[in-house]
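Summary of the model geometry
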Amino acid sequence: MTARIIVGKTIAAELRARVAEEVARVKSANGLTPGLAVVLVGNDPASEVYVRSKRKQTQAAGMASFEHRLPADVSQADLLALIEKLNRDPAVHGILVQLPLPKSLHTETVINAVDPAKDVDGLHPHNAGRLAGGLAALSPCTPLGCIILTKRVHASLEGKNAIVIGRSNLVGRPLVQLLLNENATVTIAHSRSRDLKDLCVRADLVYAAVGKAEMVRGDWIKPGATVIDVGINRLPSADGKTRLVGDVAFQEALNVAGAITPVPGGVGQMTVACLLVNTLRAACAIHGLPKPAV
């Protein structure tokens, strides 16, 4: 048996197209153009790539894109002042501060300064708390993408045994809450969990978000299980360059799983698409409009 490949690139493109349709509808019916502001501090190469992608896709969806670039040595006070300005700006419905920030800045303070109604990263304690309580909230984009990808394989996640390997605030913890909201039975594990293989092999749904290259082996996977690989790791290749791999040993899992996301081309493609979803949802909520159909 060879697993079905869950092509995140295709699913993300379809989601972006639906967002664009909803943006056009909201513009036409309400004169509202959703706006996303991205704040980039310093010139981290990976962050530069992400910000360019976000700008391009935001504009392609018909949204307004606002980009603020600050030097790496910007003071905490100046960064917080910019966030407060964006909080008050009626043209901005989503605020994303690109992480990681330079070590001179206190990330938690910066995240907490964003208006929860505009927190399209879903990291503010207000949104994290609402999500943990099973209430409506802006959810972090990567876990949201994981759920959408899973539902391309399973129409309902109710009653399924799921394991989330990784407990970060950005992926693992919010993903657990989203799965609970789908009525899945959830185990949260991490690199220090005992008998991790035994925990994993019982799961119908496996989410690997631990940040260790190819840690999840093929014999950890229950035959027919759906595997969502969130990891992005670089390993040296034979030609002296590097290659991208996930947290799952893909070739091994491919022969056991029922469906699996590749790396690259899987979850990563969904993150920016879900950022557009969150921005559209935030714009509608701020203006008292019904939740959009995405």
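Our structure's up above, just so we're on the same page.
These numbers come from a predicted model, not from an experiment.

So, how was this worked out
Residues numbered from 1 in each chain as written. Predicted model: local features only at pLDDT ≥ 70, side-chain atom pairs only at ≥ 80, totals over all residues. Heavy atoms only, no water. Salt bridge = Lys/Arg side-chain N within 4 Å of Asp/Glu carboxyl O. Helix = DSSP H or I, 4+ residues; strand = E, 2+ residues; numbered from the N terminus. 1 Å grid on protein atoms, 1.4 Å probe; cavity = no way out; pocket = protein on both sides within 12 Å on 5 of 7 lines; lining within 4 Å. Points joined across faces, edges and corners; volume = space filled by probe spheres on them. Buried < 20%, exposed > 50% of the residue type's maximum accessible area, 1.4 Å probe, protein only. Polar contact = N/O pair within 3.5 Å; in protein donor to acceptor, adjacent residues only side chain to side chain. Pairing = 2+ DSSP bridges. Axes fitted to C-alpha atoms, helices over the stretch in contact; angles between N-to-C directions. Parallel < 35°, antiparallel > 145°, perpendicular 65-115°, else oblique. Contact = heavy atoms within 4.5 Å. Nonpolar A, V, L, I, M, F, W, Y, C, P; charged D, E, K, R; others polar.

Describing the pattern of salt bridges
Enumeration over the complete set of coordinates arrives at ten salt bridges. Taking the shortest distance from any N to any O, the salt bridge between Glu14 and Arg152 comes out at 2.5 Å. Separated by 138 residues along the polypeptide, Glu14 in helix α1 (residues 8-30) and Arg152 in the loop between α6 (141-151) and β5 (161-165) bring together distant segments of the chain. One salt-bridge network, held together by shared partners, links Glu48, Arg55, Glu67 and Arg69.

What about the layout of surface pockets?
Estimates place the volume of the largest pocket at around 1,200 Å³. Surrounding the largest pocket, 42 residues form its lining, Tyr50, Thr142, Ile232, Gly268 and Thr271 being those nearest its centre. Of all the secondary-structure elements, those providing two or more residues to the lining of the largest pocket are α2 (45-60), β4 (94-97), α6, β9 (233-236) and α10 (267-286). It is α2 that contributes the most residues to the lining of the largest pocket, seven residues altogether. There is about 750 Å³ of room inside the second largest pocket. In this structure, the second largest pocket is lined by 31 residues; those nearest its centre are Ala137, Leu138, Ser139, Arg281 and Lys291. Every element with two or more residues in the lining of the second largest pocket is listed here: α1, α5 (125-132), α6, α7 (172-181) and α10.

Points about the environment of Arg55
Among the secondary structure elements, Arg55 is positioned in helix α2. Take Arg55: its relative accessible area is 28%, and that puts it in the partly exposed class. Sequence separation between Arg55 and Val272 is 217 residues, and the spatial gap between their C-alpha atoms is 9.9 Å. Of the polar contacts made by the side chain of Arg55, one reaches the side chain of Glu67; its length is 2.6 Å.

Describing the environment of Ala285
Following the sequence through the fold, Ala285 ends up in helix α10. Judged by relative accessible area, which is 56%, Ala285 ranks as exposed. Once the C-alpha coordinates of Ala285 and His93 are considered, the two residues, 192 residues apart in sequence, prove to be 9.4 Å apart.

Considerations on the sheet that holds β4
As summarised here, the arrangement of the three strands in space is β3-β2-β4, forming an open sheet in which the pairing is parallel. Whereas interior strands pair on both sides, the edge strands pair on one side only; in this sheet they are β3 (64-70) and β4. Sheet twist, expressed as the average angle between the axes of neighbouring strands with direction ignored, equals 15 degrees. Bridge count for strand β2 (residues 35-41) against β4 is four bridges, and the pairing is parallel.

Describing the packing of α6 against α10
In contact at an axis separation of 8 Å, α6 and α10 are set at 110 degrees when each is read in the N-to-C sense. Taken together, the axes of α6 and α10 are roughly perpendicular relative to one another. Facing Cys141, Thr142, Leu144, Gly145, Cys146, Ile148 and Leu149 of α6, the residues of α10 in contact are Val267, Met270, Thr271, Cys274, Leu275, Asn278 and Arg281. Split into classes, the residues belonging to the contact of α6 with α10 amount to nine nonpolar, four polar and one charged.

Digging into empty space enclosed by the protein
A full pass over the atoms with the stated rule returns two cavities of 30 Å³ or more. As a volume, the largest cavity reaches approximately 90 Å³. As for the largest cavity, its lining consists of Ile95, Leu96, Val97, Leu99, Val110, Ile111, Val114, Asp119, Asp121 and Leu123. Of all the elements in the fold, those that place two or more residues in the lining of the largest cavity are β4 and α4 (107-113). Per-element tally for the lining of the largest cavity: the top contributor is β4, with three residues. Of the residues that constitute the lining of the largest cavity, the class distribution is eight nonpolar, no polar and two charged. By volume, the second largest cavity is sized at about 30 Å³. Taken together, the elements giving at least two residues each to the lining of the second largest cavity come down to β2, α2 and β3. Element by element, the count of residues in the lining of the second largest cavity is highest for α2, at four residues. Of the residues in the lining of the second largest cavity, the class split is four nonpolar, two polar and three charged.

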